[in-house]
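# An overview of the molecular structure
Here is how the chains run, residue by residue.
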Amino acid sequence: MMNETSLPTFPEPGAPVPDFDMPASHGRHVSLSMLRGKPFVLYFYPKANTSGCTKEACGFQEELGTLEKEGVSVIGVSRDAMPAIEKFAAAQHLTFPLASDTTGTVTEAYGVWIEKSMYGRSYMGIERATFLVDGQGRLVQAWRKVKVTGHVAAVMKAVHALRGDG
């Protein structure tokens, strides 16, 4: 059983992030190679259309204009199938890509597929986590065990610092 001291492998700041290539909302496709040369936020959420995931996604959507002005893309990732993702994107008017990792290869590569427990039952699930990645595909900053309230503001602060250094 995993605990705070035995979290899965997670990219370290400065290290290249794992590759990814996934279908995304609105008929799009996202991959690390497509994003080369442009910084991006890659965030992992447990399940579409749940309260915390909706609040987080809407927070990123509210800041999307500012992020785009900073030259930063946003991509949300879950293991949901595309129909659930499309429904979520439409219901919440999300214009940034929500990617589907039904095979689990991306969530596992990023170390966010973890053992969780609720009501005394253990199960595997996505740990809410966010990665800020530079234009060369290297990790700038990561947030683990994200609490939704205040999270987007923390990411925005890091984005401004990243762009200020450039």
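Here, every reference points to the structure presented above.
So, here's what we can say about the structure. (Residues numbered from 1 in each chain as written. Predicted model: local features only at pLDDT ≥ 70, side-chain atom pairs only at ≥ 80, totals over all residues. Heavy atoms only, no water.)

The next subject is the packing of aromatic side chains. Tallied over the full model, the rule gives eight aromatic pairs. Between Tyr43 and Tyr45 the ring centres are 5.8 Å apart and the planes differ by 40°, which places this aromatic pair in the tilted class. Side by side, Tyr43 and Tyr45 carry an identical accessibility label, which is buried. Summarising the aromatic geometry, the rings of Phe44 and Tyr110 are spaced 5.4 Å apart at their centres and angled 45° between planes, so their arrangement reads as tilted. Of this pair, Phe44 sits in strand E3 (residues 40-44) while Tyr110 is found in the loop between helix H5 (105-109) and strand E6 (113-118), placing the two residues 66 residues apart along the sequence. There is no split in this pair, since Phe44 and Tyr110 are both buried. Among the aromatic side chains, those forming a connected cluster through ring pairs are Tyr43, Tyr45, Phe60, Phe88 and Phe96. Sitting over the ring of Trp113, Arg79 keeps its end group 3.4 Å from the ring centre. (Phe/Tyr/Trp six-rings, centres within 6.5 Å; stacked < 30°, edge-to-face > 60°. Buried < 20%, exposed > 50% of the residue type's maximum accessible area, 1.4 Å probe, protein only. Helix = DSSP H or I, 4+ residues; strand = E, 2+ residues; numbered from the N terminus. Lys NZ or Arg CZ within 6 Å of the ring centre and 35° of its normal.)

We now examine the pattern of salt bridges. Taken as a whole and judged by the stated rule, the model has five salt bridges. Taking the shortest distance from any N to any O, the salt bridge between Asp134 and Arg138 comes out at 3.1 Å. Under the relative-accessibility criterion, Asp134 is labelled buried at 11%. (Salt bridge = Lys/Arg side-chain N within 4 Å of Asp/Glu carboxyl O.)

In the sheet, E6 pairs with strand E7 (residues 121-126) via six bridges, with the strands oriented antiparallel. Bridged to Met118 within E7 is Arg121. In this structure, the hairpin formed by E6 and E7 is closed by a connection of two residues, where Tyr119 is found at a positive phi of approximately 55°. (Pairing = 2+ DSSP bridges.)

The buried count for strand E4 (residues 73-78) comes to six of six residues, which makes it a mostly enclosed element. Residues Ser73, Ile75 and Val77 of E4 are buried on one face, and the alternating residues Val74, Gly76 and Ser78, pointing to the opposite face, are buried as well. Relative to E4, E3 runs parallel, the two sharing five bridges. Bridge assignment links Tyr43 to a residue of E4, and that residue is Gly76. Pairing of E4 with strand E5 (residues 98-100), which is carried by three bridges, proceeds in the parallel orientation. Residue pairing for E5: Val77 is matched across the bridge by Ala99.

If a probe as big as a water molecule is rolled over the atoms, it shows which places are left empty. A volume near 210 Å³ is recorded for the second largest pocket. Lining the second largest pocket are 15 residues, with Leu35, Lys38, Ser73, Val74 and Pro97 sitting closest to its centre. Contributing elements (two or more residues each) for the lining of the second largest pocket: strand E2 (28-31), helix H1 (32-35), helix H3 (64-69) and E4. Top contributing element to the lining of the second largest pocket by residue count: E4, with three residues. The class makeup of the residues in the lining of the second largest pocket is nine nonpolar, four polar and two charged. (1 Å grid on protein atoms, 1.4 Å probe; cavity = no way out; pocket = protein on both sides within 12 Å on 5 of 7 lines; lining within 4 Å. Points joined across faces, edges and corners; volume = space filled by probe spheres on them. Nonpolar A, V, L, I, M, F, W, Y, C, P; charged D, E, K, R; others polar.)

All we've got here are geometric facts, nothing functional implied.
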